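Each chain, written out:
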Amino acid sequence: MPIQTTKRALLCATLAFTALSGTPALAQTFPDKPITMIVPFAAGGPTDTVGRIYAQSMTAFLKQQVIVENVGGAGGTLGAARVARSEPNGYTIFLHHIGQSTAPALYRKLTYNAADDFTPIGLVADVPMTLVARKDFPAKDLKELIAYVQTHKDKVTYANAGVGSASHLCGMLLMSAIKADLTTVPYKGTGPAMNDLLGGQVDFMCDQTTNTTGQIKAGKIKAYAVTTKTKVASLPDIPVADTNGLPGFEIAVWHALYAPKNLPKPVADKLVAALQHAVKDPMVKQKLADLGTEPVAPARATPAALDQFLRSEIVKWTRIIKQAGVYAD
Ligand code: ASP
């Protein structure tokens, strides 16, 4: 075989191998520039806070900046749509929460498929929620709050981050539990909603501890209950909703990391390694503990665990949301 032909054959074989094995060259070079982490809610809110803590840890591991970009609106679906349309090259990643599993049932039209248009990287953290109100809200405990809302009904204003957000979901469950409708005020995230709660422009919110802990501790808002079965260690004085007037009321906001679908395996592996580093990172553990939560166990911070969990959550929430008859258009 002439030398040229041999060389060409070798080149072809290398290219074929490269295509089949998911571009091994990428595994060595990725990442060679900053990575954008899309957070589908406003800056300064709970998902943004979780995103920035993980971005800091992943930056240290990958030796490249992971930069958070906030793409808020429509309960997280605008950011998700942006990611679904992005290049699957590892330079766009996506940190979203439980809303990824509720949107398919809540929105009649979505431009993406929540389970199939993303490459799962892994679960990140489960965050408790708190029922909170403006500082001078009349009710002194959860039972009084429920009675007050039932009497004043839609005169009570309720802030949330749009249909499909965790605050929307929690409010929906609350309204159905106490059989009273509040007047909803949607924001691009509960970061800006918190400003209005602090200013007394809205009455009430159900929001994640990653956004409320500091304000509760500073006495700037009133906290009535946490939405977990047990008390939250960083908020020992706040009672549990389940045993204080809202039996069975339980919600934890799971967060996860994704990339667009068809991410080459070597790149996905690097991102999984960075996430594994983050869930074990003492800095991440400490920062989350201060905010009432913790990273998931490493076994859950994997593509397989997220893929299976996301699909089961979509089934679960589709059933609950259809029963409740709630839709967004
Ligand atoms: N996670 C949203 C945010 O960061 C709030 C929500 O889902 O309720 O603003």
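The structure we're discussing is the one just above.
Following the criterion strictly, the structure yields 8 aromatic pairs and no others. On the basis of an interplanar angle of 90° and a centroid distance of 5.8 Å, the ring pair of Tyr112 and Phe118 is categorised as edge-to-face. Accessibility assignment for this pair places Tyr112 and Phe118 in one class, buried. Ring centres of Trp254 and Phe309 lie 5.0 Å apart, and the angle between their planes is 75°; this geometry places the pair in the edge-to-face category. Separated by 55 residues along the polypeptide, Trp254 in strand S9 (residues 252-260) and Phe309 in helix H12 (residues 303-324) bring together distant segments of the chain.

What follows deals with the environment of Ala161. Topologically, Ala161 is positioned in the loop between strand S5 (157-160) and helix H7 (166-178). Residue classification places Ala161 among the buried positions, given a relative accessible area of 4%. Here Ala161 is in contact with Phe41, Gly75, Ser167, Tyr187, Gly189 and Thr190, once residues within four sequence places are set aside.

The next subject is the nonpolar core. Core analysis: the largest hydrophobic core is formed by 88 residues, its most contacted members being Tyr54, Met58 and Leu271. By residue number, the principal contributor to this core is strand S4 (residues 118-134), which donates 9 residues. If near-sequence neighbours (up to four positions away) are discounted, Leu271 is found in contact with Phe30, Ile35, Met58, Leu62, Gly90, Ile93, Ile121 and Leu263. Among the nonpolar cores identified, the runner-up in size contains 15 residues, and Val132, Tyr187, Val202 and Ile216 belong to it.

Quick look at the pairing of strand S7 (residues 204-208) now. Counting buried residues in S7 gives 5 out of 5 residues, a clear majority hidden from the surface. What you see with S7 is no split at all: Phe204, Cys206 and Gln208 on one side and Met205 and Asp207 on the other are buried throughout. One ladder, built from 5 bridges, connects S4 with S7; its direction is antiparallel. From the neighbouring strand, Met129 faces S7, where its bridge partner is Gln208. Judged from the 2 bridges that link them, S5 and S7 form a sheet pairing that is parallel. Considered in S7, the bridge of Tyr158 is made with Phe204.

With that settled, the discussion passes to the packing of helix H3 (residues 46-62) against helix H11 (residues 282-290). Viewed as axis vectors pointing N to C, H3 and H11 meet at an angle of 170°, and their least axial separation amounts to 10 Å. Viewed along their axes, H3 and H11 adopt a mutual orientation that is roughly antiparallel. Mapping the contact onto sequence places Ile53, Tyr54, Gln56 and Ser57 in H3 and Met283, Val284, Lys287 and Leu288 in H11. The residue makeup of the contact of H3 with H11, split by class, is 5 nonpolar, 2 polar and 1 charged.

Here we come to the state of the cysteines. Taken as a whole and judged by the stated rule, the model has 1 disulfide. A sulfur-sulfur separation of 2.0 Å characterises the disulfide bridge that pairs Cys170 with Cys206. Measuring the twist about the S-S bond at about 70°, one finds the Cys170-Cys206 disulfide to be right-handed. Residue Cys170 is found in helix H7, and its partner Cys206 is found in strand S7; the two are separated by 36 residues along the sequence. For Cys206, a relative accessible area of 0% translates into the label buried.

In this section: the site of the ligand. Neighbouring residues of the ligand: Phe41, Pro46, Thr47, His97, Ala161, Ser165, Ala166, Ser167, Gly189, Thr190 and Gln208. Ala166 is positioned such that a nitrogen or oxygen atom in its backbone is 2.8 Å from an oxygen atom of the ligand. Note that an oxygen atom of the ligand is positioned 2.7 Å from one of the backbone N or O atoms of Thr190. Starting from 260 Å² of accessible surface for the ligand in isolation, the protein chains cover 100%. Structurally, the ligand is housed in the largest cavity. Taken together, the residues of the shell around the ligand sort by class into 4 nonpolar, 7 polar and no charged.

Moving on, we come to the packing of helix H5 (residues 99-106) against H12. Two elements in contact, H5 and H12, have axes whose closest approach is 8 Å; the angle formed by their N-to-C orientations is 45°. As summarised for this structure, H5 and H12 are arranged oblique, according to the angle between their axes. The handedness of the crossing between H5 and H12 comes out as right-handed. Where H5 approaches H12, its residues Gln100, Ser101, Thr102, Pro104, Ala105 and Leu106 are matched on the opposing element by Leu310, Glu313, Ile314, Trp317, Thr318 and Ile321. For the contact of H5 with H12, a count of residues per class yields 7 nonpolar, 4 polar and 1 charged.

Conventions we followed
Residues numbered from 1 in each chain as written. Predicted model: local features only at pLDDT ≥ 70, side-chain atom pairs only at ≥ 80, totals over all residues. Heavy atoms only, no water. Phe/Tyr/Trp six-rings, centres within 6.5 Å; stacked < 30°, edge-to-face > 60°. Buried < 20%, exposed > 50% of the residue type's maximum accessible area, 1.4 Å probe, protein only. Helix = DSSP H or I, 4+ residues; strand = E, 2+ residues; numbered from the N terminus. Contact = heavy atoms within 4.5 Å. Core = buried A, V, L, I, M, F, W, Y, C linked by side-chain atoms within 4.5 Å. Pairing = 2+ DSSP bridges. Axes fitted to C-alpha atoms, helices over the stretch in contact; angles between N-to-C directions. Parallel < 35°, antiparallel > 145°, perpendicular 65-115°, else oblique. Nonpolar A, V, L, I, M, F, W, Y, C, P; charged D, E, K, R; others polar. Disulfide = S-S within 2.5 Å. Near = heavy atom within 4 Å. Polar contact = N/O pair within 3.5 Å; in protein donor to acceptor, adjacent residues only side chain to side chain. Areas by Shrake-Rupley, 256 points an atom, 1.4 Å probe, with all protein chains shown as cover. 1 Å grid on protein atoms, 1.4 Å probe; cavity = no way out; pocket = protein on both sides within 12 Å on 5 of 7 lines; lining within 4 Å. Sits in = over half its atoms within 2 Å of the grid points. Left-handed = near helix turned anticlockwise from the far one by under 90°.

Function cannot be read off these values alone, since they describe shape.
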